Amino acid sequence: LILHNAKFDYKHLIHAGIYPEKIIDTMLTEIVIKNGYYESVSLKNVVLERLGVIMDKEVRAEFHTLGSKPLEDKHIQYAAIDVEYLEEIHTIQTQDLIKYQLQDAASIEWEALKVFAAIEYNGMYLDRDEWTAIANRNERKLLSIQEKMDTWLLDNQIITQAQIQADLFTTDYRKVTENYNSPD
(Lines give C-alpha, C1' and ligand atoms only; values in the text may rest on other atoms or scores of the structure.)
Protein backbone atom coordinates (compact mmCIF):
# COMPACT_ATOMS: atom_id res chain seq x y z
CA LEU A 1 0.00 0.00 0.00
CA ILE A 2 1.57 3.28 -1.11
CA LEU A 3 0.43 6.41 0.74
CA HIS A 4 1.68 9.93 1.37
CA ASN A 5 1.77 10.92 5.05
CA ALA A 6 0.66 7.37 5.76
CA LYS A 7 0.45 7.82 9.52
CA PHE A 8 -2.67 9.93 9.00
CA ASP A 9 -4.32 7.32 6.78
CA TYR A 10 -3.15 4.40 8.90
CA LYS A 11 -5.08 5.70 11.92
CA HIS A 12 -8.26 5.65 9.81
CA LEU A 13 -7.43 2.15 8.63
CA ILE A 14 -6.97 1.03 12.25
CA HIS A 15 -10.40 2.50 13.04
CA ALA A 16 -11.87 0.42 10.21
CA GLY A 17 -10.09 -2.70 11.49
CA ILE A 18 -7.69 -2.81 8.54
CA TYR A 19 -4.01 -3.47 9.28
CA PRO A 20 -1.96 -3.52 6.05
CA GLU A 21 1.21 -5.58 6.39
CA LYS A 22 3.38 -3.34 4.21
CA ILE A 23 3.02 0.41 3.88
CA ILE A 24 5.23 2.62 1.76
CA ASP A 25 5.09 6.29 2.69
CA THR A 26 6.25 8.63 -0.07
CA MET A 27 6.43 11.53 2.39
CA LEU A 28 8.78 9.68 4.76
CA THR A 29 10.74 8.42 1.78
CA GLU A 30 11.25 11.97 0.57
CA ILE A 31 12.46 13.00 4.04
CA VAL A 32 14.93 10.09 4.10
CA ILE A 33 16.24 10.91 0.62
CA LYS A 34 16.66 14.58 1.49
CA ASN A 35 18.30 13.64 4.79
CA GLY A 36 15.88 15.90 6.65
CA TYR A 37 16.76 18.99 4.58
CA TYR A 38 13.62 20.15 2.85
CA GLU A 39 11.20 23.06 2.73
CA SER A 40 8.06 20.99 2.31
CA VAL A 41 7.31 17.36 1.61
CA SER A 42 3.60 17.89 1.09
CA LEU A 43 2.13 15.74 -1.66
CA LYS A 44 1.58 18.86 -3.75
CA ASN A 45 5.26 19.82 -3.51
CA VAL A 46 6.61 16.31 -4.02
CA VAL A 47 4.42 15.80 -7.12
CA LEU A 48 5.58 19.16 -8.49
CA GLU A 49 9.26 18.48 -7.75
CA ARG A 50 9.32 14.85 -8.86
CA LEU A 51 6.86 14.92 -11.78
CA GLY A 52 6.46 18.58 -12.70
CA VAL A 53 2.69 18.35 -12.16
CA ILE A 54 0.73 21.08 -10.37
CA MET A 55 -1.96 19.62 -8.12
CA ASP A 56 -5.09 21.55 -7.21
CA LYS A 57 -5.59 21.06 -3.47
CA GLU A 58 -8.44 23.59 -2.92
CA VAL A 59 -11.12 20.93 -2.41
CA ARG A 60 -9.17 19.43 0.49
CA ALA A 61 -10.19 22.27 2.81
CA GLU A 62 -13.85 21.34 2.34
CA PHE A 63 -13.44 17.90 3.93
CA HIS A 64 -13.22 19.45 7.39
CA THR A 65 -16.56 21.21 6.98
CA LEU A 66 -18.54 18.31 5.51
CA GLY A 67 -19.43 16.72 8.83
CA SER A 68 -21.90 13.91 8.10
CA LYS A 69 -22.91 15.30 4.69
CA PRO A 70 -22.37 12.95 1.76
CA LEU A 71 -19.33 13.41 -0.43
CA GLU A 72 -19.86 15.25 -3.69
CA ASP A 73 -18.31 14.19 -6.99
CA LYS A 74 -15.57 16.82 -6.62
CA HIS A 75 -14.51 15.27 -3.30
CA ILE A 76 -14.33 11.80 -4.78
CA GLN A 77 -12.37 13.11 -7.78
CA TYR A 78 -9.99 14.89 -5.41
CA ALA A 79 -9.41 11.69 -3.44
CA ALA A 80 -8.66 9.80 -6.66
CA ILE A 81 -6.22 12.46 -7.87
CA ASP A 82 -4.61 12.50 -4.41
CA VAL A 83 -3.37 8.93 -4.96
CA GLU A 84 -2.93 9.06 -8.74
CA TYR A 85 0.80 9.88 -8.70
CA LEU A 86 1.94 7.83 -5.70
CA GLU A 87 3.16 4.77 -7.59
CA GLU A 88 5.12 6.88 -10.07
CA ILE A 89 6.65 8.92 -7.24
CA HIS A 90 7.58 5.74 -5.39
CA THR A 91 9.30 4.37 -8.52
CA ILE A 92 11.40 7.52 -8.85
CA GLN A 93 12.15 7.59 -5.10
CA THR A 94 13.21 3.94 -5.19
CA GLN A 95 15.92 4.85 -7.69
CA ASP A 96 17.23 7.48 -5.24
CA LEU A 97 17.00 5.06 -2.30
CA ILE A 98 19.16 2.60 -4.23
CA LYS A 99 21.54 5.29 -5.49
CA TYR A 100 22.16 6.60 -1.95
CA GLN A 101 21.88 3.16 -0.28
CA LEU A 102 18.93 4.27 1.85
CA GLN A 103 16.57 1.32 1.36
CA ASP A 104 17.00 0.08 4.94
CA ALA A 105 16.49 3.56 6.40
CA ALA A 106 13.24 3.98 4.46
CA SER A 107 12.03 0.50 5.48
CA ILE A 108 12.62 1.32 9.15
CA GLU A 109 10.64 4.55 8.77
CA TRP A 110 7.77 2.71 7.09
CA GLU A 111 7.59 0.14 9.89
CA ALA A 112 7.87 2.76 12.63
CA LEU A 113 5.00 4.82 11.22
CA LYS A 114 2.60 1.96 11.98
CA VAL A 115 3.73 1.92 15.59
CA PHE A 116 3.46 5.68 16.02
CA ALA A 117 0.06 5.75 14.33
CA ALA A 118 -1.17 3.00 16.66
CA ILE A 119 0.13 4.92 19.69
CA GLU A 120 -1.61 8.08 18.50
CA TYR A 121 -4.83 6.18 17.82
CA ASN A 122 -4.91 3.97 20.94
CA GLY A 123 -2.90 6.05 23.37
CA MET A 124 -0.11 4.66 25.47
CA TYR A 125 -0.19 3.71 29.13
CA LEU A 126 2.27 5.62 31.24
CA ASP A 127 2.73 4.98 34.95
CA ARG A 128 3.31 8.54 36.09
CA ASP A 129 4.39 7.59 39.62
CA GLU A 130 6.92 5.06 38.33
CA TRP A 131 8.34 7.53 35.79
CA THR A 132 8.65 10.17 38.53
CA ALA A 133 10.43 7.67 40.79
CA ILE A 134 12.84 6.77 37.96
CA ALA A 135 13.54 10.45 37.28
CA ASN A 136 14.23 11.08 40.98
CA ARG A 137 16.59 8.09 41.22
CA ASN A 138 18.45 9.24 38.15
CA GLU A 139 18.73 12.78 39.48
CA ARG A 140 20.30 11.44 42.70
CA LYS A 141 22.71 9.29 40.66
CA LEU A 142 23.64 12.29 38.53
CA LEU A 143 24.41 14.42 41.59
CA SER A 144 26.51 11.62 43.09
CA ILE A 145 28.52 11.25 39.86
CA GLN A 146 28.94 15.01 39.65
CA GLU A 147 30.33 15.10 43.21
CA LYS A 148 32.77 12.29 42.39
CA MET A 149 33.89 14.10 39.24
CA ASP A 150 34.38 17.34 41.20
CA THR A 151 36.47 15.53 43.81
CA TRP A 152 38.54 13.77 41.16
CA LEU A 153 39.25 17.07 39.36
CA LEU A 154 40.42 18.65 42.62
CA ASP A 155 42.39 15.64 43.87
CA ASN A 156 44.23 15.31 40.56
CA GLN A 157 44.84 19.06 40.41
CA ILE A 158 43.05 19.39 37.09
CA ILE A 159 41.53 22.55 38.53
CA THR A 160 42.68 24.72 41.40
CA GLN A 161 41.06 26.11 44.53
CA ALA A 162 40.57 29.45 42.76
CA GLN A 163 37.92 27.75 40.65
CA ILE A 164 35.87 26.61 43.66
CA GLN A 165 32.61 28.45 43.94
CA ALA A 166 30.19 29.02 46.78
CA ASP A 167 26.56 29.78 46.03
CA LEU A 168 25.18 32.70 48.06
CA PHE A 169 21.59 31.56 47.73
CA THR A 170 21.73 27.99 48.95
CA THR A 171 23.62 25.75 51.33
CA ASP A 172 24.29 23.27 48.53
CA TYR A 173 27.81 24.02 47.37
CA ARG A 174 29.51 22.82 44.25
CA LYS A 175 33.21 22.26 44.71
CA VAL A 176 33.90 23.34 41.13
CA THR A 177 32.30 25.44 38.42
CA GLU A 178 32.66 22.84 35.66
CA ASN A 179 29.50 22.49 33.65
CA TYR A 180 29.42 18.83 32.62
CA ASN A 181 26.51 19.53 30.25
CA SER A 182 28.51 22.05 28.22
CA PRO A 183 29.60 20.90 24.76
CA ASP A 184 32.84 22.90 25.13
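Scroll up for the structure.
Position numbers for residues start from 1 in each chain and track the written sequence from start to end. Local features in this predicted model are restricted to residues of pLDDT 70 or higher, and side-chain atom pairs are both shown and tallied only at a pLDDT of 80 or more, whereas totals for entire chains, interfaces and linings draw on every residue. Excluding hydrogens and water, the side-chain figures rest on all heavy atoms present in the structure.

1. Some details on the overall build of the chain
Then step 1. Where helices and strands are cited, they refer to DSSP runs of H or I of at least four residues and of E of at least two residues respectively, numbered from the N terminus. On a plain count of helices and strands, the chain comes out with 8 helices and 2 strands.
Then step 2. Listed by position from the N terminus, the elements making up the chain come as β-α-β-α-α-α-α-α-α-α.
Then step 3. Restricting the calculation to C-alpha atoms gives the radius of gyration, and the globule rule supplies 2.2 Å times the number of residues raised to the power 0.38. At 26 Å, the chain has a C-alpha radius of gyration far larger than the 16 Å of a compact globule built from 184 residues.
Then step 4. Its C-alpha atoms put the chain at 80 × 40 × 30 Å along the principal axes.
Then step 5. In this description, contact between two residues means that some pair of their heavy atoms is separated by no more than 4.5 Å. Within the chain, residue pairs in contact and separated by at least 24 positions form 52% of the contacts whose partners lie at least 6 positions apart.
Then step 6. Just so you have it, the chain exposes about 13,800 Å², and 54% of that area is on carbon and sulfur atoms.
Then step 7. For the purpose of charge, His is not counted, nor are the chain termini; Lys and Arg are scored as positive and Asp and Glu as negative. Each charge is placed at NZ for Lys, CZ for Arg, CG for Asp and CD for Glu. On the chain, the mean spot of the 19 positive side-chain charges and the mean spot of the 31 negative ones are 3 Å from each other. Throughout, the Shrake-Rupley method with a 1.4 Å probe supplies accessible areas, and for residues the shown protein chains are the sole cover considered.

2. Notes on the pattern of salt bridges
Then step 1. Any carboxyl oxygen of Asp or Glu that lies within 4 Å of a side-chain nitrogen of Lys or Arg is treated as forming a salt bridge with it. This structure, assessed with the given rule, holds 8 salt bridges.
Then step 2. Here R50 and E30 are joined by a salt bridge, their closest N and O atoms 3.1 Å apart. You can see R50 sitting in helix α3 (residues 43-51) and its partner E30 sitting in helix α2 (residues 26-33), a full 20 residues away along the chain.
Then step 3. Exposure classes here rest on a 1.4 Å probe applied to the protein chains alone. A residue is buried below 20% of its type maximum, exposed above 50%, and partly exposed in between. Its relative accessible area of 0% is what places E30 among the buried residues.
Then step 4. The network of salt bridges with shared partners includes E30, K34, E49, R50 and D96.

3. Things to note about the environment of K114
Then step 1. In this structure, K114 sits in helix α7 (residues 103-122).
Then step 2. Note on K114: relative accessible area 13%, which makes it buried.
Then step 3. K114 sits 108 residues away from A6 along the chain, and the two C-alpha atoms are 8.5 Å apart.

4. Quick notes on unusual backbone geometry
Then step 1. Not every positive phi belongs to a glycine, and N5 is a case in point at roughly 60°.
Then step 2. Tracing the chain through its elements places N5 in the loop between β1 (2-3) and α1 (6-15).
Then step 3. Here Q101, not a glycine, exhibits a phi torsion of approximately 55°, which is positive.

5. Quick word on helix α6 (residues 86-99)
Then step 1. In this analysis, the expected span of each helix is defined as 1.5 Å times one less than the number of residues it contains. The end-to-end C-alpha distance of α6 is 20 Å, a good match for the 20 Å that 14 residues give at a rise of 1.5 Å each.
Then step 2. The set of residues buried in α6 consists of L86, I89, H90, Q93, D96 and L97. Down the axis, α6 shows its buried residues gathered within 120° of arc, on one side only. Pointing more than 90 degrees away from the buried face of α6 are the exposed residues E87, Q95 and K99. Working definition: the arc comes from the directions between the helix axis and the C-beta atoms, pointing outward to the latter.

6. Re a nonpolar patch on the surface
Then step 1. Among the surface-exposed residues, V115, F116, I119 and M124 lie close enough to one another that they form a single nonpolar patch of about 400 Å² accessible area.
Then step 2. The class of M124 is exposed, set by a relative accessible area of 61%. Each patch is built from salt-bridge-free residues with over 30% relative accessible area, joining like charges within 9 Å and nonpolar side chains (Val, Leu, Ile, Met, Phe, Trp, Tyr) within 5 Å.

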